[in-house]
Amino acid sequence: MGRTGFQEHKVMLFLDKELYVAFIRLQADKTIGRSYAGLLPFVEGLYHMGYINRDVYQTHVQKYSDKLVGKKQLTLAETQEMEKNIQLAKLFEAIAKQWENLTQEQQQAHFKRALTLRQKIPQAELIIQLANKENPRRA
């Protein structure tokens, strides 16, 4: 079904005043989001009632205790830099797969670029290794 269809994994809770205040206090005390503040006591209850094992309990408690406050939010420039690095990593992987089909000039250009980016992009080492394999004097 579409978006308006039955979604059995969602649960809506109707809280009285006391439970709602406790919910808000939990959210504030743990500095967690609304969903996590709802899921954390749910997981606690399932564990203490014997419906989930200790491993499942610990995994979910750790996840749902993850704080909203204190996480460093990336700036726009940092986000753009990270996206650029991801694209460069994919590019170096694609170049490595096509290495044998590239001209010597293309290989040399990619090698030079890889040398300048090897500290930021681990996949640049793929290009450096391929170039050094063909010309060991570069190493």
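Quick look at the structure, then.

Analysis parameters
Residues numbered from 1 in each chain as written. Predicted model: local features only at pLDDT ≥ 70, side-chain atom pairs only at ≥ 80, totals over all residues. Heavy atoms only, no water. Core = buried A, V, L, I, M, F, W, Y, C linked by side-chain atoms within 4.5 Å. Buried < 20%, exposed > 50% of the residue type's maximum accessible area, 1.4 Å probe, protein only. Helix = DSSP H or I, 4+ residues; strand = E, 2+ residues; numbered from the N terminus. Contact = heavy atoms within 4.5 Å. Phe/Tyr/Trp six-rings, centres within 6.5 Å; stacked < 30°, edge-to-face > 60°. Polar contact = N/O pair within 3.5 Å; in protein donor to acceptor, adjacent residues only side chain to side chain.

**With respect to the nonpolar core**
- Phe 92, Ile 95, Trp 99, Ala 114, Leu 117, Ile 121 and Ile 127 are the most contacted members of the largest nonpolar core, which totals 14 residues.
- For this core, the elements supplying multiple residues, two or more each, are helix 4 (76-97), helix 5 (104-117) and helix 6 (124-134).
- Contact partners of Ile 95, with chain neighbours within four places excluded, come to Leu 102, His 110 and Ile 127.
- Among the nonpolar cores identified, the runner-up in size contains eight residues, and Phe 23, Leu 40, Val 43 and Tyr 57 belong to it.

**A closer look at the packing of aromatic side chains**
- Going through the model one piece at a time under the given rule, you end up with three aromatic pairs.
- Here Tyr 36 and Tyr 64 contribute two aromatic rings whose centre-to-centre distance is 5.1 Å and whose plane-to-plane angle is 65°, an arrangement assigned as edge-to-face. With Tyr 36 in helix 2 (residues 34-48) and Tyr 64 in helix 3 (residues 54-64), this pair connects stretches of sequence that are 28 residues apart.
- The class of Tyr 64 is buried, set by a relative accessible area of 9%.

**A word on helix 6**
- Among all positions of helix 6, only Ala 124, Ile 127, Ile 128, Leu 130, Ala 131 and Asn 132 are buried.
- Buried residues along helix 6 sit against helix 4 and helix 5.

**What to know about the side chain of Gln 107**
- Summarising the element assignment, Gln 107 is placed in helix 5.
- Take Gln 107: its relative accessible area is 9%, and that puts it in the buried class.
- At 2.8 Å, the side chain of Gln 107 forms a polar contact with the backbone oxygen of Trp 99.
- Aside from chain neighbours lying at most four places away, what touches Gln 107 is Trp 99, Leu 102 and Glu 134.

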